[in-house]
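# Report on the structure
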Amino acid sequence: MNQDTLKQQVAQAALEYVPEGQIIGVGTGSTANFFIDGLAGMRERIRGAVASSDASARRLAGHGIRLFDLNEVEELPVYVDGADEIDASFAMIKGGGAALTREKIVSAVARRFVCIADASKKVEVLGRFPLPVEVIPLARAQVSRAIALLGGRPVWREGVVTDNGNVIIDVHDLRITEPLKLEESLNQIVGVVTSGLFAHRPADVLLLGTAEGVKRFER
């Protein structure tokens, strides 16, 4: 069973968590795209969606799903998104698609975060996937120096500009045994907008695509 098939399965399973008549939060990336495509089949049963990126907004609009600005809503019942890595505590690394800041903002407003991922994303310790950090362009060099002091190897993702007009530094060679602590440390670096470490706001539900079918976990 290939990876796309697994992603399609978890995306389909996530539709069960979408309440009728509500506005929902939608993430970014290849797995989230499968969810958006599935959501098209029930667009008449929801009020609309808040997208975590311009790319997801375009895909939602292409399916005729009404878009809302996050400032128009006080709370979302559910936010559905993928992850680059997720551990047993449901802490995640996100941001491979450079949408980490908006993903973190939208997920913070949601009562429930449903993570959809294939089995390769489940890890014992976070860090094999480079940790993305969104940075104000002026601060790129000094943030890189500060990250190096924390033990990571910062690499500027050249040619990439986020939807917010910022740059991405990918942090390699990390073994993240204390996600909460590292997230706090990164947030304290002047010039960091946010990191792709989702520990203070972990997932609530994990739908994991495996060769044996979709496995469901809740914390």
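Predicted model only: the values in this text are computed from it and were never measured.

A count of helices and strands for the chain gives six helices and 13 strands. Relative to the globule expectation of 17 Å for 219 residues, the C-alpha radius of gyration of the chain, 17 Å, shows essentially globular dimensions. Seen through its principal axes, the chain has C-alpha atoms that stretch 50 × 40 × 30 Å. Here the chain holds 219 residues, and the buried ones make up 53% of them. Of the contacts made within the chain by residues no fewer than 6 positions apart, 72% connect residues no fewer than 24 positions apart. When the accessible surface of the chain is totalled, it reaches about 10,100 Å², and 48% of it is carbon and sulfur. Averaging the positions of the 25 positive and the 28 negative side-chain charges in the chain gives two centres separated by 1 Å.

Our next topic: the sheet that holds strand β2 (residues 48-51). Reading across from one edge, β2-β1-β3-β6-β12-β13 is the order of the six strands in this open sheet, with mixed pairing throughout. Two strands bound the open sheet, and with one partner strand each, they are β2 and β13 (213-218). Taking the axes of each pair of neighbouring strands and ignoring which way they run, one obtains an average angle of 20° across the sheet. Where strand β1 (residues 23-26) lies against β2, four bridges are found, and the strand directions are parallel. Note that in β2 the partner of Val 26 across the bridge is Ala 51. This element, helix α1 (residues 3-14), spans β3 (79-81), β6 (113-118), β12 (205-210) and β13 of the sheet and lies at about 145° to β12.

About the thresholds
Residues numbered from 1 in each chain as written. Predicted model: local features only at pLDDT ≥ 70, side-chain atom pairs only at ≥ 80, totals over all residues. Heavy atoms only, no water. Helix = DSSP H or I, 4+ residues; strand = E, 2+ residues; numbered from the N terminus. Rg over C-alpha atoms; globule rule 2.2 N^0.38 Å. Buried < 20%, exposed > 50% of the residue type's maximum accessible area, 1.4 Å probe, protein only. Contact = heavy atoms within 4.5 Å. Areas by Shrake-Rupley, 256 points an atom, 1.4 Å probe, with all protein chains shown as cover. Lys, Arg positive; Asp, Glu negative; His and termini not counted. Charge placed at Lys NZ, Arg CZ, Asp CG, Glu CD. Pairing = 2+ DSSP bridges. Axes fitted to C-alpha atoms, helices over the stretch in contact; angles between N-to-C directions.

In short, the description is geometric, and any link to function would need to be established separately.
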